[in-house]
Amino acid sequence: MRRTTRALAVTTTAALALGLAACSPSGTADGRTPVQQAVPTGGKKPAKPVTLTYQTSFLPEAALREALTAFEKANPGVKVELRVLDESGYHARLPKDLAVDKAADVVGLRIPAMTPEIRDRLRPVADWKDTVSADWLDELDETAIDRTEKAARNGKLYAVPMGSSGGAVMYYNAGLLSELGMSFPKRAADLETIVRRLKRELPDVQPVVFSGEPRRQEELLFTLAGQTDPDLSDELLAGRGKWNGPGMVSALTAYGSLFERGVLARSALKLKGDRPAELFRSGKALFLVDDSRQSTMLSASHRKTGKISVKNVGAGPFPTILPDAEPAVRSTPEVGLAVTRSSKHVAEAAALVEFLTVGDGVSAWAKDLTMVPAREGFRVESSTFATPEGKKGYTAIEELVRDGDSANVPDTVFLERAEGEIILDVAHGRLTARKAADRLQKEWSRGQ
């Protein structure tokens, strides 16, 4: 991955807006050399005031508004109108808005799910990236850029990734684990020991909770696979491997053994949606298996609004299970920013995208911990975290997400038609790993 760092002077107004100069000797809260946010018209104010519209449904509105206030101060003459829409209907609404030019100058989008459908209404990044500072895309994680480009399916980059998420990872009640005199499990055998002890001593507390929905179980299965074969899911979904090959049989065997040994309870497979997280937040479970977006629980500010009874939440990778395994997650660029073809203020829109992806705007929205920022070398301020365990856990997750070798993007049709049911049959003990792998290969071939 590229590790380049720009060293340009930040404007006084931007520094005042974010309070960065007072936070560290370098002038930024994360210890990074300040980045100048270029006024898009050659360093001068626009001839006339410009109002950009930014439409999205992702990330907390308060964090986005804080970032936009800083952008406006750093770019005199440019104002930003923020439209935050309901996420549940955004996927269906955005293509319609773009089709009649009712969307914004800049739009936020779910990169894997939305890019192919709306790409023709977006300007390729190559057409506008040079209207702002040179080589700024090199400040972004190379893997995130590559996967964002692949999401368009035509070899072009239409959006700039803000950040990535990944799974499966594990959160834990650090206080309760400490009371048991035990540490965070690195291997599945360690987790099994903790589970057995908790069942004896605190039978009212569930050892491990997780969602039994097919998508979450598929994520867990390929997390286990990625611990020894990081490319397996990408190879299978690209049609370059066999679903009944030795790698998949090994992964299914490891996955099924967690339920056979009672490390993961089959009864927990009935949990859906946010119910596992609710049980964990209320102190009714020791561990929660979910994706990195639950890292908001590690935030000090989120504790005030998130109804979290657990005083000290930690996090880490899901324990390794196979010999010679290394911690892993599947990860993918989650949210991207794109400039629309209908925008009349392309240079200003480009400056906004830069500010929110590699500039000082990242510090504002990243505090929510929903995504791992795509900006290389970025670190969230220590004051963001509720506890030292939370900071340590987030750092571990952050590294895994950034280094994730396989994309956390399933073949939705295959998952709903066959894959999800087969995976759950293994979890319930209704299918052996070998038979499940053969069925997966048969169903995959039938759908091609």
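Refer to the preceding data block for the structure.
The text that follows walks through the structure, step by step, so that each part is easy to find. (Residues numbered from 1 in each chain as written. Predicted model: local features only at pLDDT ≥ 70, side-chain atom pairs only at ≥ 80, totals over all residues. Heavy atoms only, no water.)

### Here's the deal with the packing of helix 8 (residues 214-226) against helix 10 (residues 246-260)
Heads up, the rule is: For helices, the fitted line uses only the C-alpha atoms of the stretch in contact; every axis is such a line through C-alpha atoms, and the angle between N-to-C directions lies from 0 to 180 degrees. Secondary structure elements are defined from DSSP: runs of H or I of at least 4 residues count as helices, runs of E of at least 2 residues count as strands, and each element is numbered from the N terminus. Left-handed describes a crossing whose near helix is turned anticlockwise from the far helix by less than a right angle; the clockwise case is right-handed. Residue contacts are counted whenever heavy atoms from the two residues lie within 4.5 Å of one another. Polar here means any residue other than Ala, Val, Leu, Ile, Met, Phe, Trp, Tyr, Cys and Pro, which are nonpolar, and Asp, Glu, Lys and Arg, which are charged; Gly is therefore polar.
Where helix 8 meets helix 10, the closest approach of the two axes is 9 Å, and the angle between their N-to-C directions is 115 degrees. The two elements helix 8 and helix 10 meet at a crossing, and its hand is right-handed. In contact with Q217, L220, L221, F222, L224 and A225 of helix 8, helix 10 contributes M248, A251, L252, A254, Y255, L258 and F259. A breakdown of the residues in the contact of helix 8 with helix 10 according to their chemical character gives 12 nonpolar, one polar and no charged.

### Things to note about the pattern of salt bridges
Worth spelling out the cut-off: Any Lys or Arg side-chain nitrogen located within 4 Å of an Asp or Glu carboxyl oxygen qualifies as a salt bridge. Only protein chains enter the accessibility calculation, which uses a 1.4 Å probe. A residue is then buried if its area is under 20% of the maximum for its type, exposed if over 50%, and partly exposed in between.
Scanning the entire structure with this criterion turns up 28 salt bridges. Across the pair E235 and R240 runs a salt bridge, and its minimum N-O distance is 3.1 Å. Given a relative accessible area of 29%, E235 falls into the partly exposed group. On the basis of relative accessible area, R240 is assigned to the exposed category, the value being 56%. Because the salt bridges share partners, they merge into one network encompassing E87, R110, R216, E219, D291, R293 and E334.

### Here we look at a negative patch on the surface
Definition in use: Residues enter a patch when their relative accessible area is above 30% and they make no salt bridge; the linking distance is 9 Å between like charges and 5 Å between nonpolar side chains (Val, Leu, Ile, Met, Phe, Trp, Tyr). Surface accessibility in these figures is a Shrake-Rupley result with a 1.4 Å probe; residues are shielded only by whichever protein chains are displayed. His is not counted, nor are the chain ends; Lys and Arg add positive charge and Asp and Glu add negative charge. For this purpose, a charge sits on NZ of Lys, CZ of Arg, CG of Asp or CD of Glu.
A contiguous patch of negative charge on the surface is contributed by D229, D231, E399, D403 and D405. Within the secondary structure, D405 sits in the loop between helix 15 (388-402) and strand 10 (406-407). We classify D405 as partly exposed; its relative accessible area is 45%.

### Points about empty space enclosed by the protein
Just so we agree on the cut-off: The distinction between a cavity and a pocket rests on a 1 Å grid over the protein atoms alone: a 1.4 Å probe fits inside a cavity but cannot get out, while a pocket stays open yet meets protein on both sides within 12 Å along at least five of seven lines, and a residue with an atom within 4 Å of a point counts as lining. Grid points are joined across faces, edges and corners, and a volume is the space filled by probe spheres set on the points.
Counted according to the given criterion, the structure contains three cavities of 30 Å³ or more. Considering only enclosed or pocket space, the largest cavity measures out at about 90 Å³ in volume. Surrounding the largest cavity, D141, T143, A144, R147, S164, S331, P333, V372, P373, A374, V401 and R402 form its lining. Sorting the residues of the lining of the largest cavity by element identifies helix 5 (142-151), strand 8 (330-339), strand 9 (372-373) and helix 15 as the ones contributing at least two each. At three residues, helix 5 tops the list of elements feeding residues into the lining of the largest cavity. For the lining of the largest cavity, the per-class residue count stands at six nonpolar, three polar and three charged.

### As for the layout of surface pockets
Of the volumes computed, that of the largest pocket is approximately 1300 Å³. Taken together, 33 residues form the lining of the largest pocket, with P112, T332, N408, V409 and P410 sitting closest to its centre. Mapped by element, the contributors of at least two residues to the lining of the largest pocket are helix 4 (111-118), helix 5, helix 8, helix 9 (232-237), strand 8 and helix 16 (412-427). When residues in the lining of the largest pocket are grouped by element, the largest group, five residues, is from helix 5. Looking at the second largest pocket, its volume works out to about 450 Å³. Lining the second largest pocket are 23 residues, and of these F184, K186, G316, P317 and K392 lie nearest its centre.

### As for unusual backbone geometry
Put simply, G167 and A168 share a cis peptide bond, and its omega is 0 degrees. With respect to the helices, strands and loops of the structure, A168 is situated in strand 4 (residues 160-173). Its identity as a non-glycine residue notwithstanding, D324 has a phi of 60 degrees, on the positive side. In this fold, D324 is placed in the loop between strand 7 (313-317) and strand 8. Taking the relative accessible area as the measure of exposure, D324 reaches 75% and is therefore exposed. Here L369, not a glycine, exhibits a phi torsion of approximately 70 degrees, which is positive.

### Looking at the packing of helix 8 against helix 16
Where helix 8 meets helix 16, the axes come as close as 9 Å, and the angle between the chain directions of the two elements is 65 degrees. Viewed along their axes, helix 8 and helix 16 form a crossing whose handedness is left-handed. Along the contact surface, helix 8 presents P214, R215, Q217, E218, L221 and F222, while helix 16 presents L415, E419, G420, I423 and L424. Split into classes, the residues belonging to the contact of helix 8 with helix 16 amount to six nonpolar, two polar and three charged.

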